[in-house]
Structures are given as C-alpha cells and as structure tokens.
Amino acid sequence: MTKRERILMAARGELPDLLPYVPRIDLWYNANSVFNTLPEKHRGRTQDEISRAEGWALHKVVPEFLKIRRQEDTIHRALGIYSLKEMVFDYKFSPEIEIDVLKEGDFTRVNYRTPIGEVSTRVMYSEEMKRSGASITWIDEHVLKGPKDYKVVGYLFDHLELVPAFEDFRKWKDYIGEDGVACTMVGLASSPMHHIQKEFLDATEFYFHYKDYPGEMQSLAESVGRFFDQALKIIADSPAEMVLWGANFDDMITYPAYFQKEISPWIRKAAEVLRAKGKITLCHCDGENLGLMDLIKDSEMDVAEAICPYPMTKVKIQEYYERWKGNLTIFGGIPSNMLLEESATEEEFEGYLDHLFKVIAPGKRFILGIADTTPPNAVFDRLIRIGERVEKEARLPLEGGAARPLGEKLIKKAEARIGAPELTDEVFKSVRGDVLSGNHTAIKNHVQDLLDRGLNAKDILNRGMLSAMEVIGNKFKDGTVFIPEVLLSARAMNEALRVLEPFLAKEAKDASGKILIGTVRGDLHDIGKNMVVTMLRGVGFDVVDLGVNLPVDTFVAKVKEHKPDILGMSALLTTTMPEMKKVISALSTHGLRDKVKVIIGGAPVNDKFAKDIGADGYGPDAGASVELARSLIRK
Ligand code: B1M
C-alpha cells in the first residue's frame, strides 16, 4: 500500500495496513536552512527530499506561501485571495479596479482604487521571521480600518471572478505522486465571517467590529460568500482529492457560540458538496479544542488536522479518540513540545508514544503527525524514532493495552452566560450592567449621570465598574465567558475611565501603577497579550502597550524611558521564550533590574520557567495577571 493510499483510507474511515505517519517539517526546515544547521546527512536537500529520504509521507496540507511562481500568487494576501500552485483556480478583478503594489523594505503595500472608494493593506516579512522559519507573511496593516471601508472591500469581492486553473495543480500532484496527498484550499478560513476575522481585521479589533457594525459585517460576509461559492464549485470539479477548509480554530478565538453560528454551517455545506464528488474535507484545528469538541465532531468535516493534545493543550489524546472515533479522522496527535529536549525527557517522549499507540487502538481514523509543526529546535532523531516505531509497532489494527486513561478533567460547558449582577448598591446598577454587557456608549452617559447626581468618582469606579470587571475576569477564568465578552467589557471600562479621570484623585491613579507590556522578538502572537493589556487597563493600571516582535534593546530602552513599576513580556512560541531571559539579563546589565518587577506569560510559559529565568511572576491568564500585578505593586 502506498503512503497516499494509507492517508486516503484513514481519512475515509477505512483501516489501512499501517498507521500513516506524516510529519510536518516546514518551520524546522526553513529555520535550520537559514542557520545552516540541517543534520549533516541532509545538508543541501530540500524539505521533501529529506522526508522522502527518511521514508516519511509528504505533509501537503498548508501551501508553501513563500514559494511563489509570480507576484499575483500572494499579492492579495491581506484580502485572503491567493492563486498558488497548490490551488485550482485563478482570479480576475474587474478592469475598473486599479491596484498599485509598492515594496518598502520588509513591507509590501497594496492600494485598491474602486469607483466607490479606496482601501489599502500592508504585509511584512522580516529577517526575524525568516530566522524563526515563518512560512507566511504577516498582515501589518489590515484592510478594514473603519466602517467606511466595508463597502469598498465588498465591492472588491463582488467584482472578483474565479476561473478554473488545474494545470499547475496537476503537475504538483504528479510530483507528490504516491508519497502524499495533494491538498488544495480556498484560503485559510472556513467561512466568509471567519475569513473577515482572520484576514480583514486585527485579531482583537474583530470582536469590536462584530458587535459594533453587525449590518456592515453581514453584508460584507455575503460578498465574501460569493467568492467562497465560486471557489467551492471549481474545487468540487477539480483533480484535488483533499481540501483544506479553513485553519486555526481555538475555543477562545472561535469560541463555541461563534463557531456554531458562523463556521459550522459552512463546513457542513462544503463537506456535503465535496463528499458528493468523492473529496475529503479537512480543517486545520491547531488550537485549544476543549470547548469545540462536539461542534467539530458534528461539523461533518472528514479530517481534523494539526490536533495538538495535552500537555500543550487541555484535551488528552485518548479523549480525542474516544469522543471522535467513527465520526472524523484525527491527523496529528503528537504535540510539538514532545520533540524538545527542554520540554520532554527521552523517557517522557517514549512514554508518550507508548501511551498513544495504546489509546488509539485499533488505529482507525488516525493519521500520525506533529502538531502544529516541528519546531526549529526539535531533536531530529525523535522524528526518526517515531517513524521507526510506526514501522515496528503500528501495523493496523493496533492492539489496545492497559493504558491508564489520563482524562480526569470534566469538560466545562459554557452555559453560565453573564447573568444579572448581584447588586447591593442599586445606584450603580446601570454602570455595572454596562460593564457586564460591554456597552461602551451607554456607560459614558450613565457615569456622567452619577457624577451629576453628586456621587464620588472613586465609588463609581470601585463599587460600580471594577466589581463588574472582577465578575467578568472570574467568569473568563472558569471558562464561562470568552474573549469577546472580556474585551468588550474592558473597552466599556476604558471609555468610562475617560469620563471619570478628571474627577479621580491623583493619588488614586498613581497608586494603581504603571506597566509596560510587549511580545518578545520573533513572536507575532498578540491576542493573549492584548487581553492582558485591556484587563489591566480595565482595572485602572496605566499600561503602555509596546506591541509585538520586540528586540531586547527596545525593552531596555522603553524601561529607561517610561520607568514602569512592572515590565510584562508575552511569548507563544517555545523558540521565542529564551528572549525573556535575555531581556532580564539586559535589565541587570543596565542596572535596571531592581527598579522594575518583571512578569511573564503566554501558553508555553509556566511558573517554573518564570522562576528559572529570574522573573518576579507568571500570569497564566489575563485575570490572574491582574491579581499578580496588584500583589507586586502592593509589595
Ligand atoms: Co500560532 N502557534 N503560529 N498563530 N497559534 C501556536 C502558538 C501553536 C501552539 C499552534 C500549535 O502548535 N498547535 C504553535 C506554537 C508551537 C510552539 O512553539 N510551542 C504556533 C505556531 C507554530 C505558529 C507559526 C510558527 C506557524 C507558521 O508560520 N507555520 C506562526 C508564527 C508567527 C510568529 O509569531 N512569528 C504562527 C502564526 C499564527 C497566526 C498568525 C495564524 C495566529 C496569530 C494571530 C495573532 O496573534 N494576531 C496564530 C494563532 C491564533 C495560534 C493559536 C491557535 C492560538 C493563540 C491564541 O491567541 N490563543 C495557538 C494555539 C495554542 O495556543 N494552543 C498557536 C488565545 C489567547 C487568548 O491565549 O495567547 O495563551 P494566549 O494568552 C493567554 C495566556 O497565555 C496569558 O493570558 C492570555 C489570556 O488569558 N498570557 C499572558 C499571554 N501573554 C501574557 C503575558 C502576561 C501574562 C499572561 O504577562 C506579561
């Protein structure tokens, strides 16, 4: 049986002879090529040559965004429109739309002029990104800057025509041959609204626009929907056997209610159309799936790819297998930190594989892979050993063993939505309600009203607003509210603070403290950092948001300039975590370490790491970071 046949059988729910092993190595390959640190025997080889030499199937799910044939392949990256070799259509904008492309160093700006107005975008690909192995450019300026842009972007999508283009895809498919399955895609989103969320707006701003401009959003989603429909029709008649239908689900970002409303119906629609043509629908589910388990299962997708289980996320591998088997195929299963020396010892790594082979017995609907991808500093030998163990131990059906179930945590249901606050102070009811419901316009009048009635600004802040923010913070911590609610409440707090500020005693403001916060060099993830910023601002801290991808020197210079009480650093990539230690050392070198407290956070960071690098504290989430900051300031 060939590798392609095994993957297709597993994806269709049949039992191949051997567990397919399809490790994704793009990030590892790109970074180690830049540093010339590829293993000796593989120097000078391409990524695919390495996989072939090791006997692994080629991972051909996410396209090679940086290997383009011509500018048009990715120039509309910030609109989420591509025509890569992995795709089966080409696009044409109506001739009245004028498009200018400007290269500015690491940046590429694109201006779109339509008869009803202009919009622009900018993407970045820096040296830092190259070194970290990033496989796609970063959208540095999004197309939707305000409500007026919606109509123009809608116009672009209404005047976009897709045409079948199978030739290059066929060539690429032939090149892969029996070593893998060539996956095509529409883009990186699963639905028009998901497309708007991923491509048109900053990750945090999206939630504000989603609440503030529902009509504009809906109408834009309809225009983008026409693009999706055209693409789906072409893909259905194309030579592709597998289709990537969207990426990056996460129960915080694409929270359950949103997933159910905006994403599930489109996955179902695509799966139905594609299944009728014998094609497989695959989604890149690389985030935290705890709150999405049933929704993903019921979405009708055939394959959930990039499944990254515990200990990198909350769901354990056997929980995935038990809850999904029979319904959809799991692709992934080995969290990438299992390949890192500092995260897993040899014994833990081998133990994880022992456990995995037992709990996924009989091995139906499983494609083994590294989720999301192999990190640059992975122990390459571990990738090889997984392949060897598959050959020796993973003939199907697998025999189940006495693997002890690890899943003792109960799945929390997000039923307890924000309820009416328990009021002891009737008079603050309106502002509490505004914070809880995230009503940033009404709150200004309500606060002014209370001030006009002679109430003390400090009482309005503490007994009205902060107590409501605590409720939100606690609900976020216990998983009963999601990012949008927290961000909307924090925005309402910030608006109200603006009205209150002149009335608040100066001492009270100073007492809350100043915090600088940023994401370390090489890391562009900012959703979590933004949440921490909004929560801290929401409870009255003076926060300077330094942004993302910050070199050590910038942290030092900003500490000198702002003289904060606390410096906060965020990192989401295991490869960027060491930057935090460098910043702390640099603060010592510059005689600043005893003048500022340092706190750190981000998914791969933990308390032990914080202690090891000499930080003063670790914030597991936004709510806990507020408590941490308060306690450090008190000290
Ligand atoms: Co990326 N990504 N990503 N990604 N991404 C992860 C982090 C990953 C774990 C996915 C996976 O493997 N399953 C993986 C990292 C693996 C590793 O190193 N351990 C990964 C990868 C590999 C990558 C790329 C390299 C992919 C590629 O190019 N091939 C690339 C890197 C780009 C770069 O940074 N150079 C990349 C890109 C992206 C997107 C652009 C697609 C997008 C980012 C959008 C954005 O941020 N604007 C993205 C996303 C969305 C994710 C996942 C799915 C979700 C992250 C998130 O926002 N979570 C993520 C999967 C995961 O984490 N399981 C993943 C929600 C957020 C609220 O949680 O950020 O943890 P979090 O923040 C929490 C706490 O950690 C804490 O409070 C927050 C709120 O409670 N916290 C702090 C955070 N910072 C804090 C600071 C504090 C205190 C608390 O004090 C200062």
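Structure: above.
Residues numbered from 1 in each chain as written. Predicted model: local features only at pLDDT ≥ 70, side-chain atom pairs only at ≥ 80, totals over all residues. Heavy atoms only, no water.

1. Points about the packing of helix H18 (residues 483-500) against helix H20 (residues 527-538)
- Viewed as axis vectors pointing N to C, H18 and H20 meet at an angle of 40°, and their least axial separation amounts to 8 Å. On the basis of the axis angle, H18 is oblique to H20. The hand of the H18/H20 crossing is left-handed. Taking contact as the criterion, the partners of Ile483, Val486, Leu487, Ala490, Met493, Asn494 and Leu497 in H18 are, on H20, Ile527, Met531, Thr534, Met535, Arg537 and Gly538.
- Here the residues of the contact of H18 with H20 sort into nine nonpolar, three polar and one charged. (Axes fitted to C-alpha atoms, helices over the stretch in contact; angles between N-to-C directions. Helix = DSSP H or I, 4+ residues; strand = E, 2+ residues; numbered from the N terminus. Parallel < 35°, antiparallel > 145°, perpendicular 65-115°, else oblique. Left-handed = near helix turned anticlockwise from the far one by under 90°. Contact = heavy atoms within 4.5 Å. Nonpolar A, V, L, I, M, F, W, Y, C, P; charged D, E, K, R; others polar.)

2. Overview of the environment of Ser135
- Tracing the chain through its elements places Ser135 in the loop between helix H4 (127-132) and strand E5 (138-141).
- With a relative accessible area of 19%, Ser135 lands in the buried category.
- C-alpha of Ser135 to C-alpha of Pro63: the two residues are 72 residues apart in sequence and 9.0 Å apart in space.
- Those residues in contact with Ser135 that sit more than four places away from it in its chain are Arg24, Asp26, Asn30, Phe65 and Leu66. (Buried < 20%, exposed > 50% of the residue type's maximum accessible area, 1.4 Å probe, protein only.)

3. Observations concerning unusual backbone geometry
- A cis geometry characterises the amide bond from Tyr310 onward to Pro311, with omega recorded as 10°.
- The topology assignment puts Pro311 in the loop between strand E10 (303-307) and helix H12 (317-324).
- Within the chain, Asn549 stands out as a residue other than glycine whose phi angle is a positive 60°.
- According to the relative accessible area criterion, Asn549 is buried, its value standing at 15%.
- The backbone of Lys563 sits at a positive phi, close to 45°, despite the residue not being glycine.
- Its place among the elements puts Lys563 in the loop between helix H21 (552-562) and strand E15 (566-570).

4. Some thoughts on the nonpolar core
- In terms of nonpolar packing, the biggest core is built from 181 residues, with Ile196 and Met465 touching the most fellow members.
- Once residues within four sequence positions are removed from consideration, Met465 is found in contact with Val431, Val435, Ile443, Val447, Ile460, Met493, Ala496, Leu497 and Leu500. (Core = buried A, V, L, I, M, F, W, Y, C linked by side-chain atoms within 4.5 Å.)

5. Description of the sheet that holds strand E14 (residues 542-550)
- The five strands lie next to each other as E14-E13-E15-E16-E17, forming an open sheet whose pairing is parallel. Since the sheet does not close on itself, it has two edges, and those belong to E14 and strand E17 (617-619), each with one partner. Averaged over all pairs of adjacent strands, the angle between their axes in this sheet comes to 25°, without regard to strand direction.
- Note that strand E13 (residues 514-520) and E15 share five bridges and pair parallel. Considered in E15, the bridge of Gly518 is made with Met569.
- Those strands touched by H21 are E13, E14 and E15, and its axis lies near 170° from that of E13.
- Together, E13, E15, strand E16 (597-601) and E17 form the strand contacts of helix H24 (residues 622-634), whose direction differs from that of E17 by roughly 155°. (Pairing = 2+ DSSP bridges.)

6. Here's the deal with the site of the ligand
- Taken together, 43 residues are adjacent to the ligand, and Asp286, Leu524, His525, Asp526 and Ser570 come closest.
- At 3.0 Å, a backbone N or O of Gly522 approaches a nitrogen atom of the ligand.
- Thr574 is positioned with one of its side-chain polar atoms (N or O) 2.9 Å from an oxygen atom of the ligand.
- At the level of elements, H20, E15, E16 and H24 are the ones that each hand at least two residues to the shell around the ligand.
- With four residues, the single largest contributor to the shell around the ligand is H20.
- A class-by-class count of the residues in the shell around the ligand yields 22 nonpolar, 14 polar and seven charged.
- Of the domains in this structure, domain 1 (3-92 + 152-393) and domain 3 (511-634) are the two that each give at least three residues to the shell around the ligand. (Near = heavy atom within 4 Å. Polar contact = N/O pair within 3.5 Å; in protein donor to acceptor, adjacent residues only side chain to side chain. Domains from an automatic or database assignment.)

7. Some thoughts on helix H3 (residues 47-54)
- Within H3 the residues assigned to the buried category are Gln47, Asp48, Ile50, Ser51 and Glu54. Projection of H3 onto a plane perpendicular to its axis shows the buried side chains occupying an angular sector of 155°, all on one side.
- For H3, the elements touching its buried residues are helix H2 (26-34), helix H6 (167-176) and helix H14 (380-393).
- A positive phi of about 80° marks Gly55, the residue just after H3. (Arc of directions from axis to C-beta.)

8. Quick notes on the pattern of salt bridges
- Overall, the coordinates contain 55 salt bridges when judged by the stated rule.
- When the shortest N-O distance is used, the salt bridge between Asp90 and Arg70 registers 3.6 Å. Remark: Arg70 occurs in the loop between H3 and strand E1 (89-93) and Asp90 occurs in strand E1; sequence separation between them is 20 residues.
- Judged by its relative accessible area of 23%, Asp90 falls in the partly exposed class.
- Judged by relative accessible area, Arg70 falls into the partly exposed class, the value being 33%. (Salt bridge = Lys/Arg side-chain N within 4 Å of Asp/Glu carboxyl O.)

9. Focus: the coordination of the cobalt atom of the ligand
- Looking at the protein side alone, the cobalt atom of the ligand has one donor only, His525 (NE2), at 2.3 Å.
- Locating His525 in the fold gives a position in the loop between E13 and H20. (Donors = N, O, S within 2.8 Å, 3.2 Å for Na, K, Ca; no water.)

10. Section: the environment of Pro335
- Along the chain, Pro335 falls in strand E11 (residues 329-335).
- C-alpha of Pro335 to C-alpha of Asn377: the two residues are 42 residues apart in sequence and 14 Å apart in space.
- Excluding residues that lie within four positions of it along the chain, Pro335 makes contacts with Cys308, Pro309, Tyr310, Pro311, Met312, Tyr352 and Ala371.

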